[in-house]
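Coordinates in review
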Amino acid sequence: MTRTQRPARSGRNGGRTAGTRRGPRRAGTLVVLLAALAAGCGIRTTSVPVDAGPAPSRMPCQVAGESVITQSRPGVPVRIYLACASGLASVERAAPIPQGKSVDGRVSIAQSLLDELQAQPSTSEREAGFTTYVRGPLILSPSREGDPAGTLRLSRQPEDLPATALAQIVCTLAESEVTAGTVILGGPGDYPPRGYGCDQKTKSNPDTGVPTLAPRPSASTSASGSASASGSASASGSVSASRSASAP
């Protein structure tokens, strides 16, 4: 009797071999799909500029909090101008301001403000980006005979100060009770005083120079001028009256 021959195993082995051959193809396809998905989740380079807005400022030029007095010592609240971010900005300080509005009191108030400008900024001011270009020692003195009314004399010539330092002084004094808006400054020498003003351009660009204004004439000059004019008018009137009386 002959036995029925079974199928050769080579067919099964061949089937396994064929399946094994299809395996790498499927694995390669899966890798490609995963790579595509990963690329979709990543950041693609682009030549189109993206406007993310201005960078956050690290120098806000504003002390944290409202109406902050940045000096702990006792005194009267005052406003001074410090340099910050290429411009000038005001800060509140407590300064030892004397009472009274006499000539000496006015000079003392101006000196107190000048001392505040010469002092180093506080910690909170430095953190906000403030600094000062006013370097001491700077001392103020009253006007001299023949100076325009309201003149203050500095121990250094104003024109020799850095432009930003002069702008700090002028803007601080211009917005105080010391002046009426025009700051008339002279130096220790015989040079005539000059009038200075503080406007928005000065605060925005203090290094470009402070605008000069025509100072008011001194009280003594005005009085002498009025007296001279009155005397001339009286003399002229007397001569005219004398001539009229002597006429036939």
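Treat the numbers as computed from the prediction; the structure is a model and nothing was measured.

So, about the confidence of the model for the protein chain. With 56% of its residues at a pLDDT of 70 or more, the protein chain has an overall mean of 74. At the level of individual helices and strands, the protein chain shows its lowest average pLDDT in helix 6 (residues 219-246), which scores 44, and its highest in helix 4 (residues 163-174), which scores 97. Across residues 10-20, where pLDDT falls below 50, the model places zero contacts with residues more than four positions away in sequence or in other chains. Segment residues 219-248 is flagged for pLDDT under 50; beyond a separation of four residues in sequence, or across chains, it makes three contacts in the model.

Moving on to the sheet that holds strand 4 (residues 152-154). Read from one edge of the open sheet, five strands run 3-4-5-6-7, paired in mixed fashion. Single-partner strands in this sheet number two, and they are strand 3 (140-141) and strand 7 (212-213). As paired elements, strand 5 (residues 183-186) and strand 6 (residues 194-196) share three bridges and run antiparallel to each other. When the sheet's bridge partners are listed, Ile184 is paired in strand 6 with Gly195. Strands strand 4, strand 5 and strand 6 of the sheet are contacted by helix 4, whose axis makes an angle of about 135° with strand 5.

What the rule picks out here adds up to two disulfides. Each disulfide pairs two cysteine sulfurs, and for Cys61 the partner residue is Cys84, the sulfurs being separated by 2.1 Å. A torsion of -90° about the S-S bond marks the disulfide between Cys61 and Cys84 as left-handed. Residue Cys61 is found in the loop between helix 1 (9-41) and strand 1 (76-84), and its partner Cys84 is found in strand 1; the two are separated by 23 residues along the sequence. Between the sulfur of Cys171 and that of Cys198 lies a disulfide, 2.0 Å long from S to S. Disulfide Cys171-Cys198: the torsion about the S-S bond is 90°, which places it as right-handed. Placement of the pair is Cys171 in helix 4 and Cys198 in the loop between strand 6 and helix 5 (200-204), with a sequence separation of 27 residues. On the basis of relative accessible area, Cys171 is assigned to the buried category, the value being 0%.

Applying the stated rule across the entire model yields seven salt bridges. For Lys203, the salt bridge identified is with Glu175, shortest N-O distance 2.8 Å. Of this pair, Lys203 sits in helix 5 while Glu175 sits in the loop between helix 4 and strand 5, and the two are 28 residues apart along the sequence. Here the residues in one salt-bridge network are Arg93, Glu116 and Glu125, joined through shared partners.

Cut-off values and rules
- Residues numbered from 1 in each chain as written.
- Predicted model: local features only at pLDDT ≥ 70, side-chain atom pairs only at ≥ 80, totals over all residues.
- Heavy atoms only, no water.
- pLDDT = per-residue confidence, 0-100.
- Helix = DSSP H or I, 4+ residues; strand = E, 2+ residues; numbered from the N terminus.
- Contact = heavy atoms within 4.5 Å.
- Pairing = 2+ DSSP bridges.
- Axes fitted to C-alpha atoms, helices over the stretch in contact; angles between N-to-C directions.
- Disulfide = S-S within 2.5 Å.
- Buried < 20%, exposed > 50% of the residue type's maximum accessible area, 1.4 Å probe, protein only.
- Salt bridge = Lys/Arg side-chain N within 4 Å of Asp/Glu carboxyl O.

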